[in-house]
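Structural overview for review
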Amino acid sequence: MEELKLDGCIDYKCQEKSIGQQLEETCPNGIDFFFDNAGGEILDQVLQRINMYSRTVICGAISQYDSGNINEKNLIKGPSHYIKLAETSSTMTGFNMMHHAKHILRAFGYLAWNYYRGNLVAHEHVEYGIESFGECLEKLFAGGNCGRLIVELQEKKQ
């Protein structure tokens, strides 16, 4: 966590503690803001712990992608605790970067400024050779990497 400059985190692969237990430990005072690209159980557990006037932003649903249901809209699992939004006067909104293209240069500048000052950490997981593409795709959807996952087409030089 220190290396990534995080105040806290949860591990959805943890066998000892549930996501709910980890959230209780990490966020004992509830959750004010959640940027979600996972969906599924994580989103459900977060919604049960949102504070008054909290904000949730939905950017993706990786938990749905590898289920094969993403193209079958009637099979996508939605948040089962959405009523907490009304109970807490909170909001949930969608975010798609394509709708904010006019701000991309300003965003890149801001991110670069923070990256070069050490405020942001950008990990890269690199695999080599086109033959590794299939395995990398599986890693991407199974959480088998940390940071950006890159397939370098050239073989690794010794």
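Refer to the structure above for everything that follows.
Structural notes, computed from the coordinates. (Residues numbered from 1 in each chain as written. Predicted model: local features only at pLDDT ≥ 70, side-chain atom pairs only at ≥ 80, totals over all residues. Heavy atoms only, no water.)

Observations regarding the overall build of the protein
Assigned secondary structure in the protein consists of 6 helices and 5 strands. In terms of principal-axis extent, the alpha carbons of the protein reach across some 60 × 40 × 40 Å. By the burial criterion, 22% of the 158 residues in the protein qualify as buried. Considering only intrachain contacts with a sequence separation of at least 6, the fraction spanning at least 24 residues in the protein is 52%. Counting only carbon and sulfur atoms, one obtains 55% of the accessible surface of the protein, whose full area is about 11600 Å². Of note, the protein has its 15 positive side-chain charges centred 8 Å away from the centre of its 21 negative side-chain charges. (Helix = DSSP H or I, 4+ residues; strand = E, 2+ residues; numbered from the N terminus. Buried < 20%, exposed > 50% of the residue type's maximum accessible area, 1.4 Å probe, protein only. Contact = heavy atoms within 4.5 Å. Areas by Shrake-Rupley, 256 points an atom, 1.4 Å probe, with all protein chains shown as cover. Lys, Arg positive; Asp, Glu negative; His and termini not counted. Charge placed at Lys NZ, Arg CZ, Asp CG, Glu CD.)

Concerning the pattern of salt bridges
Per the stated rule, a full pass over the model turns up 6 salt bridges. We note a salt bridge from Glu25 to Lys17, for which the minimum N-O separation is 2.9 Å. Classification of Glu25 as exposed rests on a relative accessible area of 52%. Among the ionic pairs, Glu24 bridges to Arg49, the shortest N-O distance being 2.8 Å. Here Glu24, found in helix H1 (residues 19-26), pairs with Arg49, found in the loop between helix H2 (40-47) and strand E2 (50-58); they are 25 residues apart in sequence, far enough to count as distant. (Salt bridge = Lys/Arg side-chain N within 4 Å of Asp/Glu carboxyl O.)

Re the nonpolar core
Most often, soluble globular proteins keep nonpolar side chains buried together rather than apart. Grouped together as the largest cluster of nonpolar side chains are 11 residues: Ile19, Leu23, Ile31, Phe34, Ala38, Ile42, Leu43, Val46, Leu47, Ile50 and Leu85. When residues of this core are traced back to their parent elements, those giving at least two are H1, strand E1 (31-36) and H2. It is H2 that provides the largest number of residues to this core, a total of 4 residues. Discounting chain neighbours no more than four positions away, the residues touching Ile42 are Ile10, Tyr12, Ile19 and Phe34. (Core = buried A, V, L, I, M, F, W, Y, C linked by side-chain atoms within 4.5 Å.)

As for the sheet that holds E1
The sheet built from 3 strands is open, its strands ordered E1-E2-E3 with parallel pairing. Among the strands making up the open sheet, the edge pair consists of E1 and strand E3 (91-94). Taken pair by pair, the neighbouring strands of this sheet meet at an average axis angle of 10°, ignoring direction. Judged from the 4 bridges that link them, E2 and E3 form a sheet pairing that is parallel. The partner of Thr56 across the bridge, within E3, is Met92. (Pairing = 2+ DSSP bridges. Axes fitted to C-alpha atoms, helices over the stretch in contact; angles between N-to-C directions.)

Considering the side chain of Ser132
Looking at where Ser132 falls in the secondary structure, it is placed in the loop between strand E4 (124-128) and helix H6 (133-142). Given a relative accessible area of 9%, Ser132 falls into the buried group. Those residues in contact with Ser132 that sit more than four places away from it in its chain are Glu127 and Val151.

Concerning the pairing of E4
The side chains of a regular strand alternate, residue by residue, between the two faces of the sheet. Alignment of E4 against strand E5 (residues 148-152), held across 5 bridges, turns out to be parallel. By the bridge assignment for E5, Glu124 is matched with Arg148. Handedness of the crossover is the feature at issue here: the chain leaves E4, passes through H6, returns alongside E5, and the resulting connection is right-handed. (Right-handed = clockwise from strand over helix to strand, strands pointing away.)

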